[in-house]
Amino acid sequence: MAEKLTQEQVSQLEKYAQSIRYSIVQMVTEAQSGHPGGSLSAADILTTLYFAEMNVNPNDPQAAARDRFVLSKGHAAPVLYATLAEKGFFPKEELLTLRRIDSRLQGHPSMKNLPGIDMSTGSLGQGLSAAAGLALAARLDNNASRVYTVLGDGELEEGMVWEAAMFAAHYKLDNLTAFVDFNGLQIDGPISEVLSPLPIPEKWAAFNWHVIKIDGHDIQAIYDAIQTAKTIKGKPTMIVAQTIKGKGVCQMENIADWHGKAPSREQCELFLSQLNELETQ
Amino acid sequence: MGLATREAYGEILKELGEKYENIVVLDADLSKSTKTAVFAKAFPQRFFNVGIAEQNLMGVGAGLAAGGKIPFVSTFAMFAAGRAFEQIRNSICYPKLNVKIAATHAGLTVGEDGASHQAIEDISLMRSIPNMTVIVPADAEETRKAITFAAEYDGPVYIRLGRMAVPDLFTADYTFEHGKAVQLADGKDVTIIATGIMVGAAKEAAKQLQDAGISARVVNIHTIKPIDKEAIIKAAADTGAIVTCEEHSIIGGLGSAVAEVLVENSPVPMERVGVCDTFGESGIPSALLKKYHLTAEDIAAAAKKVISRKK
Ligand SMILES: Cc1ncc(C[n+]2csc(CCOP(=O)(O)OP(=O)(O)O)c2C)c(N)n1
Ligand SMILES: [Mg+2]
């Protein structure tokens, strides 16, 4: 079992996550369009992946040996862009061009537009298949790189997800680690009311995946789960991360309406000051 | 500005729900955006959310129709015509089942969501399937009439709707005739044939051309399939030049459908205004229409070009 993170490392990662949340609120407000709720719920997962685990280099974004990341829930592009900017893939100021004409920051991630994007996504249900393909390619090349992906819990309603689930388990893609951002909400309401994909962990276990359940806002738990996944042989791992949609901005938390709505400028100031307070606590 | 065609869809669907007990509505986690939520509120027992599962949406629609219901199924055009193409072909159109696919957020004017959500191939895909009827309303009133037609017609229908508010072109006394083109202005030098949100731009272009001394006929083709061959052949005979305009790829859509009629009947010079074999991108709708050359100015320029090609 790998080392635990030190308390110092955890608080440094929490600072990154807060800064990423700050950027998310800023950029969605500036664009007056986009998806804040599901971006905020995945911030701790992306922070831990990019700042504590993944082998990626902003100065060599195409390096063959790099780990790969697929944001299957592509509408959460703001969290990916904010993370990549925080990591130094491009200047943070560019975040404010989100969703504008001629911007590299498309409404949904486009791998032809921006360095650091390993797969174009936006149509739900397709990312896990691509992640499985990347994992298979790495295996064929004897490349030790690992592949990570994040799915939405509503996204699990897409049949293609389960086709990919079968595929990844059948071909024993143990270099593939997936997360479900289990925030309980989709656009039309709670997942349990719209079209229940529950129970989630049991389904993945039945599809022959190694399953780990964690609190998706606990950086240490996210880190530990990733380390465990690396030790599992012959199976892909699904980390079911219990999260809060809109996490960090209390007015947005657990409100389905904040799925795809931009804050007004006044709301934005209030939300940003909240995030500042959290950071200085 | 009038209503977006999706808004008009939501309103009329509720009215039709009162009239026809057999109407059942399905959506795939986009009911607030597609406006089927209006029907869902009025008739909760006849509304079913299938979740984010567009292929299942079409399959369940097919089964409901086979069971005697009149299903209206809605999601974004990308995920209806795109994701579920083969289910539409094999489960709905092959058995000619009575499913109405009302697909919203079509075209570039989805806007900021970008290329992954901008369906610019759906007319092409849908019109290539036998038994399918394809309708693209231009404004709120035409939408109300088209949806009413769809509810009363027996067979599969694809109706393409938009996200953005569009100007009202028609009043309440407008009659929608299935498969019949609507002439909005007469002219002798060129005919501009438009569909959907481009009809407004076509009218505007005709005004600009008039100022330049060019007389343009403007024709609205709301039913792309079956297409009004007579109106196209007559336009070719009367004006000798055609411009088509659509918020869709120039491959396979209205332009292709009109060209097919022309080459087999009365070839005349023709220009297509549409998306030129490229993906869209994020941006506000007006900026996108400009960048991808879908404005009244672009139509007027195409008209001048096509007139110069006349022998
Ligand atoms: C194939 C497809 N269908 C529909 C949509 C529209 N859509 C975007 S986000 C979303 C809800 C996603 O819910 P969930 O997966 O739970 O994401 P999260 O809560 O993490 O934001 C839907 C239906 C889409 N992007 N792709
Ligand atoms: Mg969710």
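Residues numbered from 1 in each chain as written. Chains lettered and ligands numbered in written order. Predicted model: local features only at pLDDT ≥ 70, side-chain atom pairs only at ≥ 80, totals over all residues. Heavy atoms only, no water.

- Going by the annotation in an unreviewed UniProt entry, the name recorded for chain B is 1-deoxy-D-xylulose-5-phosphate synthase, with Pelosinus fermentans JBW45 given as the source organism.
- In UniProt, chain B has this text filed under Sequence similarities (unreviewed entry): "Belongs to the transketolase family."
- Taken from UniProt, the Cofactor (unreviewed entry) comment for chain B reads in full: "thiamine diphosphate". (UniProt positions renumbered as here; feature names shortened; annotations may be inferred.)

- Looking at an unreviewed UniProt entry, chain A carries the name Transketolase, with the source organism given as Pelosinus fermentans JBW45.
- The heading Cofactor (unreviewed entry) in the UniProt record of chain A holds the text "thiamine diphosphate".
- Its UniProt record gives chain A the following Sequence similarities (unreviewed entry) comment, quoted word for word: "Belongs to the transketolase family."

1. Regarding the coordination of the magnesium ion (ligand 2)
All names here are of chain A.
Next up, step 1: With distances of 2.1 to 2.2 Å, the protein atoms coordinating the magnesium ion (ligand 2) are Asp153 (OD), Asn183 (OD1) and Leu185 (O).
Next up, step 2: Donor residues binding the magnesium ion (ligand 2) come from one chain and are separated in sequence as D-x29-N-x1-L. Residue Asp153 is found in the loop between strand E2 (147-152) and helix H6 (159-170), and its partner Leu185 is found in the loop between strand E3 (176-182) and helix H7 (191-194); the two are separated by 32 residues along the sequence.
Next up, step 3: By relative accessible area, which is 2% here, Asp153 ends up buried.
Next up, step 4: Since its relative accessible area comes to 11%, Leu185 is described here as buried. (Donors = N, O, S within 2.8 Å, 3.2 Å for Na, K, Ca; no water. Helix = DSSP H or I, 4+ residues; strand = E, 2+ residues; numbered from the N terminus. Buried < 20%, exposed > 50% of the residue type's maximum accessible area, 1.4 Å probe, protein only.)

2. A short note on the sheet that holds E3 of chain A
Residue and element names in this part refer to chain A.
Next up, step 1: Judged by pairing direction, the sheet is parallel, and its 5 strands sit side by side in the order E1-E2-E3-E5-E4 without closing on themselves. Each having just a single partner strand, strand E1 (68-71) and strand E4 (210-215) make up the two edges of the open sheet. When strand polarity is set aside, the average angle formed by the axes of neighbouring strands in this sheet is 20°.
Next up, step 2: Pairing analysis gives 4 bridges linking E1 to E2, with the strands arranged parallel. Among the inter-strand pairings, Val70 is bridged to a residue of E2, identified as Thr149. (Pairing = 2+ DSSP bridges. Axes fitted to C-alpha atoms, helices over the stretch in contact; angles between N-to-C directions.)

3. Focus: the interface of chain A and chain B
Often the size quoted for an interface is simply the accessible area lost on bringing the parts together.
Next up, step 1: Every contact between the two is made by 26 residues of chain A and, on the other side, 23 residues of chain B.
Next up, step 2: Carbon and sulfur atoms make up 44% of the surface buried where chain A meets chain B, a total of about 2000 Å² over both sides.
Next up, step 3: It is Ile101, Glu158 and Asp188 of chain A that lose the most area in chain A upon contact with chain B, and together they represent 29% of the buried surface on that side.
Next up, step 4: Taken together, the links from chain A to chain B amount to 3 salt bridges.
Next up, step 5: One salt bridge connects Asp102 of chain A with Lys291 of chain B, and the closest N-O pair in it is separated by 2.4 Å. (Contact = heavy atoms within 4.5 Å. Buried area = accessible area lost by both parts, 1.4 Å probe. Salt bridge = Lys/Arg side-chain N within 4 Å of Asp/Glu carboxyl O.)

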